[in-house]
Amino acid sequence: MKSILIIDDELSVREGLTKHVNWERLQIQVIGTASNGKQALQKMEEQLPDIVITDIYMPEMDGLTLIKEVNEKHPYISIIIHSGYNHFDNARKAIQYGVKHFFLKPSPVTEIETVLQEVVQEIEAEEMQQTILETYREQRPVYLTFRKDSFIRNLLFNRYVSKDLTAESQELIGVSAETPQIVTSIMINRPPYLTKVHERDWQLLKFSVGNILSETMKHFSEENKLTTHLVDYSDSTYVMVVFLPENSLYLEQLNDQLVHKMLENVLYYLKVSVMLGVSSIKSNLHLLTDAYLESMQALEVAEYEEWNKVYYYQDTKSRASSEVFVYPFETIKEIHGKIADKEYEQLLAIWHRFVNGLSEEKYSPFYMIQTISINILSALMMDDHSMEHIDEKPLEKSSILIEVYNYNTINKLLSWTTEQLTKWVEHSKEKLASKKTSKLVERVKEHIHQYYDQEITLTEIADSFYVNRNYLSQLFKKITGETFVNYLNNYRIAKAKELLKEKRYMVYEVSEMVGYQNSTYFSQVFKAITGVSPSEYF
């Protein structure tokens, strides 16, 4: 409930406003009255109101002086001038102090209540804007972190070309496209006693490992002016990317120091065994996925070797398996295209063909299938992001990627990914259908906005759009929450109010100008919507 202070040197005016205005309906509480500006300022020291109604001519301190002081000390207080002197100079001075609302003595109670309602709505709108702004300020760092993490994930798991690395995306991660980088994959050894029954304990332990890795990386990066990022990749793996501009040799030395420091800290603080796979240096961001694959290959080759060691791709590539899984670049590219083009049936057909083809492969590394699933699910998320304009919390949307790591066999993972693709296709079809209906209603609104001053009917509009009149009527009410006639009348009356405020036209002229040929009917509609007749609105 908003509060108000009433200031007037006439007792009858103060009592009249206090008694006759329906303050309860307006959700406003009268916290006091004052007979002049000086007394009003004293009362404000005890309790600040949201709204002030003040006269202009008063003893000791007049209204304009009061308005100036209130505007300087408490600019968020809304001020209404209630004066018996219709003097333009006073109004002009008051406007300079931010006053937007006036009414003259004597004014009907309905007019006073209308002005007060407008002021309350303005205050609530400002409060809503402030709330939205504060929420944005709070969520923006989280959102930017999410975007950075998502983009680096895409770089790790998708093959970008140089033209796709925009200036904005490079600014997001803080490096240029030509910055040398190294990728390190860090695998955590799950202790035998932490079985699935102890999943919560394992997740807590993994979280602790992640904190130590992050803190070590952060301090080392600050000391050595490195740009780094740590990705929580899977149930037992983190992936770290390290960038250093213009010094590839030094980057290799620094990364080596950092990974050994990480290994040392994890062993010292948690006694948890880890294995680290380090890629070779890559010279461009679009090669980041190659670096990631090299780091994973180093871990794959060293999988049955000693824990608590760092393995380098350059040392292990000669021992890599001779059976090489060929990454399906063309298939993934084709799927991305179908997602972008909204060709749903073809998308599913390509995916099913890929899944069926995997059964013929002699060698299909599980981590690679995970990467492919993440790649496609990330593309679905980015498509949703562009269509929905962030209407869901980014952290909630990204949770689906974590589910990839709940499946420990290729068949289970592929089955789950197929299910997610199918769900997304159905969801996207519904979303597109909804957008089409919304667009049709927008066209109806545009027609009203363009031809409101003419005789228009929903039947004529429906015929011009080649749709059924009853269907369009039901659709319009479903989307807007009101009937076509109500929307048309509200729009026309809004235009009429603008014309009446100009005080240049008679009521019957305004009636015709907004599409009503019968001025009596116009007056009835105007009063039903605004609560006052057109002549009273002058």
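Everything below is about the structure printed above this text.
What counts and how
Residues numbered from 1 in each chain as written. Predicted model: local features only at pLDDT ≥ 70, side-chain atom pairs only at ≥ 80, totals over all residues. Heavy atoms only, no water. Helix = DSSP H or I, 4+ residues; strand = E, 2+ residues; numbered from the N terminus. Buried < 20%, exposed > 50% of the residue type's maximum accessible area, 1.4 Å probe, protein only. Phe/Tyr/Trp six-rings, centres within 6.5 Å; stacked < 30°, edge-to-face > 60°. Lys NZ or Arg CZ within 6 Å of the ring centre and 35° of its normal. Pairing = 2+ DSSP bridges. Axes fitted to C-alpha atoms, helices over the stretch in contact; angles between N-to-C directions. Contact = heavy atoms within 4.5 Å. Core = buried A, V, L, I, M, F, W, Y, C linked by side-chain atoms within 4.5 Å.

Visitor: Honestly, unusual backbone geometry in this entry has me stumped. Any pointers?
Guide: Residues apart from glycine generally show negative phi values, whereas peptide bonds are mostly found in trans. We note that glutamine 27 has phi near 60°; this positive angle belongs to a residue other than glycine. When you line up the elements, glutamine 27 lands in the loop between α2 (23-26) and β2 (28-34). Residue class for glutamine 27 comes out partly exposed when judged on its relative accessible area of 45%. For lysine 225, which is not glycine, the phi torsion reads 55° and is therefore positive. Summarising the element assignment, lysine 225 is placed in the loop between α8 (199-224) and β7 (227-232).

Visitor: Is there a simple way to think about the packing of aromatic side chains in this case?
Guide: Note on aromatic pairs: each is described by the distance of the centres and the angle between the planes. Inspection of every chain in the model, using the stated rule, returns 9 aromatic pairs. An angle of 80° between the planes, with centres 5.5 Å apart, marks the rings of phenylalanine 476 and tyrosine 487 as edge-to-face. A residue pair is termed long-range when its members are at least 10 positions apart, and phenylalanine 476 in helix α18 (residues 469-480) and tyrosine 487 in helix α19 (residues 484-502) qualify at 11 residues. Taken as a pair, phenylalanine 476 and tyrosine 487 share a single burial class, namely buried. Over the face of the ring belonging to tyrosine 238 we find lysine 206, whose NZ or CZ atom lies 4.8 Å from the ring centre. We note arginine 492 situated over the ring of tyrosine 516; from NZ or CZ to the ring centre the distance is 5.1 Å.

Visitor: Where do I start with the sheet that holds strand β1 (residues 2-7) in this structure?
Guide: Within a sheet, neighbouring strands are paired by backbone hydrogen bonds and run either parallel or antiparallel to one another. One open sheet holds the 5 strands; their spatial order is β2-β1-β3-β4-β5, and the pairing between them is parallel. Pairing within the sheet leaves two strands with one partner each, and these edge strands are β2 and β5 (101-104). On average, each strand axis in the sheet is tilted by 20° relative to the strand beside it, whichever way the strands run. Of the strand pairs in this sheet, β1 and β2 are connected by 6 bridges, and their pairing is parallel. By the bridge assignment for β2, isoleucine 7 is matched with alanine 34. The strands touched by helix α6 (residues 109-157) are β1, β2, β3 (51-54), β4 (78-83) and β5; relative to β5, the strand with the most contacts, the crossing angle is about 170°.

Visitor: Sorry if this is basic, but what is going on with the nonpolar core here?
Guide: Generally speaking, a soluble globular protein has its nonpolar side chains buried in company with each other. By size, the foremost hydrophobic cluster in this structure holds 57 residues, and its most contacted members are Leu155, Leu156, Val183, Tyr292, Trp351 and Ile372. Counting only elements with at least two residues in this core, the list comes to α6, β8 (237-243), α10 (288-301), α12 (329-341), α13 (344-358), α14 (366-388) and α16 (410-451). Residue contributions to this core peak at 10 residues, all from α14. When sequence neighbours within four positions are dropped, the list of residues in contact with tryptophan 351 reads Ile335, Ile372, Ile376, Leu414, Thr417, Thr418 and Leu421. By size, the runner-up hydrophobic cluster in this structure holds 29 residues, among which are Val444, Ala496, Leu499 and Val525.

Everything listed is a geometric property; what it means functionally is a separate question.
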